[in-house]
Amino acid sequence: MTKEEFLALYEKYTAGQCSVEETRTLMQYKDEFELKKLPWSTDMGNRDEIKVLLLHQLRTQIQADVPKSGSAFKKLAIAASLLITLSIGFFFLPDYKKKQSNKQQRFAKQLLPQPVISPGGNKAILILANGNMVNLDGTDKGIVSTQGTAQVTKLSNGKLVYKETSQTSNKTLVAYNTIATPRGGQYQLTLTDGTKVWLNAASSLKFPTTFSGAERLVELTGEAYFEVAKNKSMPFKVMAKGVNVNVLGTHFNVMAYQDESTVQTTLLEGAVRLTKDDAEATLIPGEQGMINTNGQNFTVKHVKVEDVVSWKDGSFNFENENIKTIMRQVSRWYDVDIAYEGTLAKQNFGGSVSKFKDISFLLKTLELTGTVHFKTDGRRITVMP
């Protein structure tokens, strides 16, 4: 295929007029029109480094969702076309050197390595009943404290475990602790009843060190995933921004950040009942109950639960999310501030990427959509059209 034939087919593709067979042909020949054919200026950066970055980004999983329709193949093709646009499209236009020099340099600079902003990790502060604070990520494994009738131990894998050391029913021995994660932190703990809790970034959980009475009550700010130990005689209840989540034994996720306009509860296993003032809803597995901060009723819908809880398993899973929702998650996990410039397109995104990669990897994959760009200044990320 000649360069002219390739460009003609590429223009037909970008106009949405290619057949499936023509699209496959275009993908087969793309490697013959890489950066080696391009006029390259040294002030644009190292050509080989940028070539590797471009080819690597083609294989990433985040791409813009096509509004209202579009198969997975079409979405991948869009990401591929963006790579082709970056790597050859500009360079074959008439008078390229004169008209596109500044634009090429800007794109090249964006692809060069940026200052490293590392992902978050296991970081949390434990606030004891007497107000003392324990920096958990700076604490060695072993017994951390004794709180009421519970012994608090940090395991070698970094998890925190509460275990009752006495069967006494003396309620005066019950103490309340709070575990809080900063931006860029997460933590896992096991309560004295055996309930397991995964706490997301910028979140806190207040809980009794031992449970007694008619219910097991905890208070959440932010986001957490719960695997509740069954106890029919003592229901488990989570309070979050005015919403009560009532369960007996089940697996569910609660998202109740202060900077989010809704409280969302997603059920993976069992059953939960949601209440807020006069509003009430019961969920079955696979459903999410959502209510606005000032809302009067719950909205219940089916969701991909694996996307909702992907944060605890080490990835960002986006399903038709707008850029501001995505960047709030990025801000919490990477401990960065987010600013916006210009008018952003009303574009939603879908895909998956590891939480444990440098932030530049995530930003560059989002930039492949061509609808959003980023500028990094220290720990401040500016989002631009």
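Structure shown above.
Residues numbered from 1 in each chain as written. Predicted model: local features only at pLDDT ≥ 70, side-chain atom pairs only at ≥ 80, totals over all residues. Heavy atoms only, no water.

Caption draft 1: Spotlight on the packing of helix 7 (residues 323-334) against helix 8 (residues 359-367). Where helix 7 meets helix 8, the closest approach of the two axes is 12 Å, and the angle between their N-to-C directions is 170 degrees. Comparing the axis directions of helix 7 and helix 8 gives the class roughly antiparallel. Of the residues in helix 8, those in contact with Ile 323, Ile 326, Met 327, Val 330 and Tyr 334 of helix 7 are Ile 359, Leu 362, Leu 363 and Leu 366. Looking at side-chain class alone, the contact of helix 7 with helix 8 contains nine nonpolar, no polar and no charged residues. (Axes fitted to C-alpha atoms, helices over the stretch in contact; angles between N-to-C directions. Helix = DSSP H or I, 4+ residues; strand = E, 2+ residues; numbered from the N terminus. Parallel < 35°, antiparallel > 145°, perpendicular 65-115°, else oblique. Contact = heavy atoms within 4.5 Å. Nonpolar A, V, L, I, M, F, W, Y, C, P; charged D, E, K, R; others polar.)

Caption draft 2: Region of interest: the nonpolar core. The biggest cluster of nonpolar side chains holds 43 residues, and the ones touching the most others in it are Leu 126, Leu 160, Ile 179, Phe 226 and Phe 252. Looking at this core element by element, the count peaks at four residues for strand 12 (residues 216-227). Not counting the four nearest positions on each side in its chain, Leu 126 is found in contact with Asn 132, Met 133, Val 134, Leu 136, Val 144, Val 152, Leu 160, Tyr 162, Asn 177, Thr 178 and Ile 179. Trp 333, Leu 344, Ile 359 and Val 372 belong to the second-largest nonpolar core, a separate cluster that totals 23 residues. (Core = buried A, V, L, I, M, F, W, Y, C linked by side-chain atoms within 4.5 Å. Buried < 20%, exposed > 50% of the residue type's maximum accessible area, 1.4 Å probe, protein only.)

Caption draft 3: Local environment of the sheet that holds strand 22 (residues 337-340). Strand order across the open sheet formed by three strands is 22-25-24, with mixed pairing between neighbours. Among the strands making up the open sheet, the edge pair consists of strand 22 and strand 24 (373-377). This sheet shows a mean twist of 25 degrees between the axes of neighbouring strands, independent of strand direction. Here four bridges tie strand 22 to strand 25 (residues 380-384), and the two strands are oriented parallel to one another. Paired with Tyr 340 across the bridge in strand 25 is Val 383. Running over the sheet, helix 7 touches strand 22, strand 24 and strand 25 and is turned about 155 degrees from strand 22. (Pairing = 2+ DSSP bridges.)

Caption draft 4: Examining helix 8 more closely. Taken across its nine residues, helix 8 has nine buried, putting it largely inside the fold. Buried within helix 8 are the following residues: Ile 359, Ser 360, Phe 361, Leu 362, Leu 363, Lys 364, Thr 365, Leu 366 and Glu 367.

Caption draft 5: Structural detail: helix 7. Here helix 7 is twelve residues long and its end C-alpha atoms lie 16 Å apart, about the 16 Å a rise of 1.5 Å per residue gives. Inspection of helix 7 places Ile 323, Thr 325, Ile 326, Met 327, Val 330, Ser 331, Arg 332, Trp 333 and Tyr 334 among the buried residues, and these make up the whole buried set. Measuring from the side-chain oxygen of the N-cap residue of helix 7 to the backbone nitrogen of Lys 324 gives 3.1 Å; that N-cap residue is Asn 322. Backbone geometry just after helix 7 places Asp 335 at a positive phi near 55 degrees. (Expected span 1.5 Å × (residues − 1). Polar contact = N/O pair within 3.5 Å; in protein donor to acceptor, adjacent residues only side chain to side chain.)

Caption draft 6: Representation of the pairing of strand 19 (residues 287-292). Of the strand pairs in this sheet, strand 16 (residues 262-269) and strand 19 are connected by five bridges, and their pairing is antiparallel. By the bridge assignment, Val 263 is partnered in strand 19 with Ile 291. With four bridges joining them, strand 19 and strand 20 (residues 299-302) adopt antiparallel strand pairing. Within strand 20, the residue paired with Gln 288 across the bridge is Lys 301. Between the antiparallel neighbours strand 19 and strand 20 lie six residues.

Caption draft 7: The arrangement of the side chain of Gln 147 in detail. Position of Gln 147 relative to the elements: it lies in strand 5 (residues 142-147). Judged by its relative accessible area of 8%, Gln 147 falls in the buried class. Engagement of the side chain of Gln 147 in a polar contact is seen with the side chain of Asn 177, the distance being 2.9 Å. What Gln 147 contacts, discounting residues up to four positions off in sequence, is Leu 128, Ala 129, Val 152, Asn 177 and Thr 209.

Caption draft 8: Here's a closer look at the environment of Arg 328. Among the secondary structure elements, Arg 328 is positioned in helix 7. For Arg 328, a relative accessible area of 27% translates into the label partly exposed. In sequence terms Arg 328 and Glu 260 are 68 residues apart; their C-alpha atoms lie 8.9 Å from each other.

Caption draft 9: Inspection of the packing of aromatic side chains at higher detail. In the structure shown here, the tally under the stated rule is eight aromatic pairs. An angle of 90 degrees between the planes, with centres 5.1 Å apart, marks the rings of Tyr 162 and Phe 207 as edge-to-face. Of the two residues, Tyr 162 is situated in strand 7 (residues 160-164) and Phe 207 in strand 11 (residues 204-208); the sequence distance between them amounts to 45 residues. Of the two residues, Tyr 162 and Phe 207, neither departs from the other in class, the shared state being buried. Centre to centre, the rings of Trp 333 and Phe 356 are 5.9 Å apart; their planes meet at 80 degrees, and the pair counts as edge-to-face. Within this pair, whereas Trp 333 is found in helix 7, its partner Phe 356 is found in the loop between strand 23 (348-354) and helix 8, the two being separated by 23 residues in sequence. (Phe/Tyr/Trp six-rings, centres within 6.5 Å; stacked < 30°, edge-to-face > 60°.)

Caption draft 10: Representation of the pattern of salt bridges within the structure. Following the criterion strictly, the structure yields ten salt bridges and no others. A salt bridge links Glu 260 to Arg 328; the shortest N-O distance between them is 2.9 Å. Of this pair, Glu 260 sits in the loop between strand 15 (251-256) and strand 16 while Arg 328 sits in helix 7; the two residues are 68 residues apart in sequence, bridging distant segments of the chain. When its relative accessible area of 10% is taken as the criterion, Glu 260 is described as buried. Glu 341 is the salt-bridge partner of Lys 375, the closest N and O atoms lying 3.8 Å from each other. With Lys 375 in strand 24 and Glu 341 in the loop between strand 22 and strand 23, the pair connects residues that are 34 residues apart, well separated along the chain. With relative accessibility at 41%, the residue Lys 375 sits in the partly exposed group. Each of Asp 259, Glu 260, Arg 328 and Arg 332 takes part in salt bridges that share partners, so that together they form one network. (Salt bridge = Lys/Arg side-chain N within 4 Å of Asp/Glu carboxyl O.)

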